[in-house]
Each structure stands twice: as structure tokens, then as C-alpha cells.
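Close look at the chain arrangement
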Amino acid sequence: MSQSSQPRAGSSGARRSLTSARIITWTAVFVLAAAAVRLTPPEIEPQPLATVLAPATPEWRESVDTLASGETLSKLLGRAGVGVTQVSHILQSATSIDARRVRPGLTVRTRQRTADSVPSEVVFQLAIDHLLRVTRGDSGWVAVDEHLPWTVDTVAVSGVITSNLYTAMASSAAGDFPEQARTEVAWSLADIYEYKADMSRDLRVGDRFRLLVERKSGPQGAIRSGNILVASFTLSGNEVQAVRHELKGGKAGYYDQEGRSMKAAFLRAPLEFRRISSVFGRRKHPVLGTWRAHKGTDYAANSGTPVRAIGDGTVIFRGRKGGYGNTLEIRHRNGFVTRYGHLRGFAKAARRGAHVTIGQTVAYVGATGLATGPHLHFEVLVGGVQRDPRTALSRDAGEPLPKGERGAFDASRERLLALLDRIETRGQLASR
């Protein structure tokens, strides 16, 4: 019996030993875990960046202002915080500026360190591409002129006349030039052809033009038109080309496809501002109310618009002449006489007996005599009889190129026309 009870006693002891070991193990694990928790650093709450980094004070401060109408540069600079003494020094250094003649709208930039009470630099923008930079140094203020660069490329422009040259140019060059530059291109084209056609009255619906013109791109996105290099104008079915060619002496001019100068003995219009109210032929007289032959051309223009002599000649009449009002008459070398009526006044140099040159201002548009409003009445008389200026002046031709220039001209003409064709083709393909 005693033999059977011994195994049970041993088994119980073994169980007690196992239980004690487990208690010790779990106690050690608990102690280690508690120690780990105590030794772990507390989590830091993230702070906004603004509370960590203080905002930096800018080193420089700049201001931009424009000159108001009637305002002086001294007042503008004073508004920018420049003291009277410094204003005086700045303007004395800016010798290329006449402070009495500065136009409103002039942009002025000042730049100074935040810690300073006096600007370190003043910049006057005299033009889009012209700056006057006045800088303060140890020895005082120093001014330096800066001319900003322009880049030049060439643009092909072509159009069809539907009403007038301006409308055609506005639609054909809209993607290449801003509005003002398109107007300048139209004026340049009219100036080139002013000996061949009056762009106000000689154009017909369907007439076409093509030209290659320089485009100048400048600072702040400014775009201007440059020289027209070659042009082709189809006038009433007849093509007249104009090629810009520089002679060996360095003087440039325009010549037609035959190598003759585009300039001739007579201009085709007496006004640079060409806008016609009526053309040669029969019309109802605006004052008398009767139908009568209107032996000339009326150019509607603002009072005071300069009137130019269409060719070299001598003044043979200056004064009042019935319904013409103030009138000027000029005799030219070929026997033609040109008459300018309804004038407001006369140029001092255009006295009776005086010699005048082509393009010279001889009088000013007015509304004297039988006139309902300011305009110029222009006539051409041949043998004492009024003739249609459009036909009377169309016989004139320019001088040919010197023989030694013809080869270079022909080569230049072919090159420019080929370039015009190539740019036009590239533009047409790009638009498809």
C-alpha cells in the first residue's frame, strides 16, 4: 500500500515546481515591459511650421509709380519716400531727362534695402526699350542709359480688299501683329505705293496684296513692325511689285519689278491722311443742291490737317477764289497745275512765287468757301482744263536703277519672293 502512494506524492511535487517556474517567468516579463514603458520618451505633439520658423524680413523693397498729368518728377519721387535733398541729387544725375518736358505716364521704379531710409536705385522707363538707371554709390548718384534688345524675324502677310486697306490688313495680320502694329504696316504699304496709287480711292474690291515684313519683338512682349522687304499689289488686275533694295552707297529704296524707283515726279494724293468723301465725276453739290461736274476730288479730313504739294513746282496763286474759299495753286515743270481749295490757311513758305518741293506742307485743311465741313478740294489742270487726277497722274514713272545695280537687285528680288512663298506655304500648312 505504501508502495502505491509514493508515485502520487512525486507527481504533485513536479506540478508545484512547474507552476512556480511559470509565475517567475511571467513576473519577469511584466517587470521588463514596465521598464520599457518607463524608458520610452513621451510623444511630442507636432507644432505648426509658423511657430517653428519666424518669417524672414525681406532685404529689399520695391515700388512702382507713374507720373500723373501736371505732376513733377520731384513730387513723384517724394511720394515714393525720397527726401528733397536726394531728389535733387537724383535729377541732377539724370542728365538725359528734361524734367520740364517729361510726359505723363512715365514709369518710375525705386528699390531700397529695408533697413535704409534712402533708395539704392531709381529706374526711369523712358521708352519700352530704354531705361535710365540711377544708382546710389559711395561717391553719390550715377546714371546709366540702358537700351534693351529687340529680336527681328520676318512675317508673310496677304489679304484681299473688301472695303479698304485697313480692314484687309486687320484681318490678314491679326495673328502676327497687335492692332497698332497692323495700322503701321498698312501705313508703310500705302507710303511705298503712294506714287503708284491712292490707297483711299484707287483700290477696288478684289485687289490683292502680299508682303514680307520684319517683326520686332521687344521687352515686356512689345511687338512692332519693321521694314517691308518685298510687296506685291494687284491693282485692278495689274501687279505692281515693290522690292526694298540697298544701293552700293548704303541708301535703301523701293523699286518695281522692272527696276524702276517707286518714287516718281508726283504723289497720288495731297494728304497723308487719306479719306475721300467724293470722287471725280458728277455729284450733287452739297451746298448748292444742284447736279454739276465735280472737277476734282474731295478729301475729308480734320481741320488743320497738313496739305502737301504733290510735286515740285512754283506757287502761282494764294488767296480767296469764289466758292473754293482759300485756294492755293502750284504750277509744275510739265505744265500741270494743281489746285487746293477750302483751306483754313497757308504754310508760311508757300508764298506766291515761292518754289515748293514734293511732299512739302503748303497749306492746311479747312472749310472756307462753299463747304459744309472741313475737307480738301483737289484738282489737276492740264492746259487750263480740269482733268481726273487719277488718270492725269498715272503716266508718271520712276527713274531706273543704275546699270551696275541691276544684277544685285534681280538676285535680291528673286530671293525675297522665294522667301515670301516659302513662309506663306508654311503658314498655310500649319493652319490646316
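Here we summarise the structure given alongside this text. Worth saying up front: this structure is predicted, and the values here are computed from it rather than measured.

Section: the packing of aromatic side chains
- Counted by the stated rule, this structure contains six aromatic pairs.
- Arranged with centres 6.1 Å apart and planes meeting at 70 degrees, the rings of Tyr255 and Phe409 form a pair that is edge-to-face. Residue Tyr255 is located in strand β10 (residues 252-255), and its partner Phe409 is located in helix α8 (residues 406-430); the two are separated by 154 residues in the primary sequence.
- The buried category is assigned to Tyr255, whose relative accessible area is 10%.
- Under the relative-accessibility criterion, Phe409 is labelled buried at 0%.
- Between Tyr340 and Phe378 the ring centres are 5.5 Å apart and the planes differ by 45 degrees, which places this aromatic pair in the tilted class. Taken as a pair, Tyr340 in strand β18 (residues 337-346) and Phe378 in strand β21 (residues 375-382) lie far apart in primary sequence, 38 residues in all.
- Judged by relative accessible area, which is 0%, Tyr340 ranks as buried.
- Judged by relative accessible area, which is 0%, Phe378 ranks as buried.

Section: the sheet that holds strand β8 (residues 223-235)
- A sheet is described by the order of its strands in space; here five strands give the open sequence β6-β7-β8-β9-β10, paired in antiparallel fashion. Whereas interior strands pair on both sides, the edge strands pair on one side only; in this sheet they are β6 (151-160) and β10. Ignoring strand direction, the axes of neighbouring strands in this sheet form an average angle of 20 degrees.
- Relative to the sheet, helix α6 (residues 179-192) contacts β7 (208-217), β8, β9 (238-246) and β10, its axis offset from that of β8 by approximately 45 degrees.

What about the pairing of strand β5 (residues 140-147)?
- For strand β4 (residues 130-137) and β5, the ladder comprises eight bridges, and the chain directions are antiparallel. Following the sheet pairing, Val134 is matched in β5 by Ala143.
- Following β4, the chain reverses through two residues before pairing antiparallel with β5.

Regarding the sheet that holds strand β1 (residues 60-66)
- Strand order in this open sheet of five strands is β1-β2-β3-β4-β5, and the pairing throughout is antiparallel. Either end of the sheet is taken by a strand with one partner, and the two such strands are β1 and β5. Ignoring strand direction, the axes of neighbouring strands in this sheet form an average angle of 15 degrees.
- As paired elements, strand β2 (residues 107-113) and strand β3 (residues 121-127) share five bridges and run antiparallel to each other.

Re α6
- End to end, α6 covers 20 Å across 14 residues, agreeing with the expected 20 Å (1.5 Å per residue, within 8%).
- Along α6, the positions that sit buried rather than exposed are Ala181, Arg182, Val185, Ala186, Leu189, Ala190 and Ile192.
- Those residues of α6 that are buried lie in contact with α5 (165-172), β7, β8, β9 and β10.

Brief notes about the pairing of β7
- Judged from the ten bridges that link them, β6 and β7 form a sheet pairing that is antiparallel. Across the sheet, Ser158 pairs through a bridge with Arg210, a residue of β7.
- Direction of pairing for β7 relative to β8: antiparallel, over a ladder of nine bridges. Across the sheet, residue Lys216 finds its bridge partner in β8, namely Arg224.
- In sequence, β7 turns back onto β8 through a hairpin of five residues, with Gln220 there showing a positive phi of about 60 degrees.

Some remarks on unusual backbone geometry
- Of note in the backbone geometry, Ser236 takes a positive phi value of approximately 50 degrees without being a glycine.
- Relative to the helices and strands, Ser236 is located in the loop between β8 and β9.
- Relative accessible area serves as the criterion here: at 52%, Ser236 is assigned to the exposed category.
- Of note in this structure, His342 is not a glycine but carries a positive phi near 65 degrees.
- Along the chain, His342 falls in strand β18.

Topic: the packing of α5 against α6
- Between α5 and α6, the least distance of the axes is 9 Å, while the angle of their chain directions is 130 degrees. Judged by the inter-axis angle, α5 sits oblique to α6. Crossing hand, α5 versus α6: right-handed. The segment α5 lies against α6, with Leu165, Tyr166, Met169 and Ala170 engaging Arg182, Val185, Ala186, Trp187, Leu189 and Ala190.
- Within the contact of α5 with α6, the residues separate by chemical class into nine nonpolar, no polar and one charged.

Rules of the game
- Residues numbered from 1 in each chain as written.
- Predicted model: local features only at pLDDT ≥ 70, side-chain atom pairs only at ≥ 80, totals over all residues.
- Heavy atoms only, no water.
- Phe/Tyr/Trp six-rings, centres within 6.5 Å; stacked < 30°, edge-to-face > 60°.
- Helix = DSSP H or I, 4+ residues; strand = E, 2+ residues; numbered from the N terminus.
- Buried < 20%, exposed > 50% of the residue type's maximum accessible area, 1.4 Å probe, protein only.
- Pairing = 2+ DSSP bridges.
- Axes fitted to C-alpha atoms, helices over the stretch in contact; angles between N-to-C directions.
- Contact = heavy atoms within 4.5 Å.
- Expected span 1.5 Å × (residues − 1).
- Parallel < 35°, antiparallel > 145°, perpendicular 65-115°, else oblique.
- Left-handed = near helix turned anticlockwise from the far one by under 90°.
- Nonpolar A, V, L, I, M, F, W, Y, C, P; charged D, E, K, R; others polar.

Geometric values such as these leave the question of function open.
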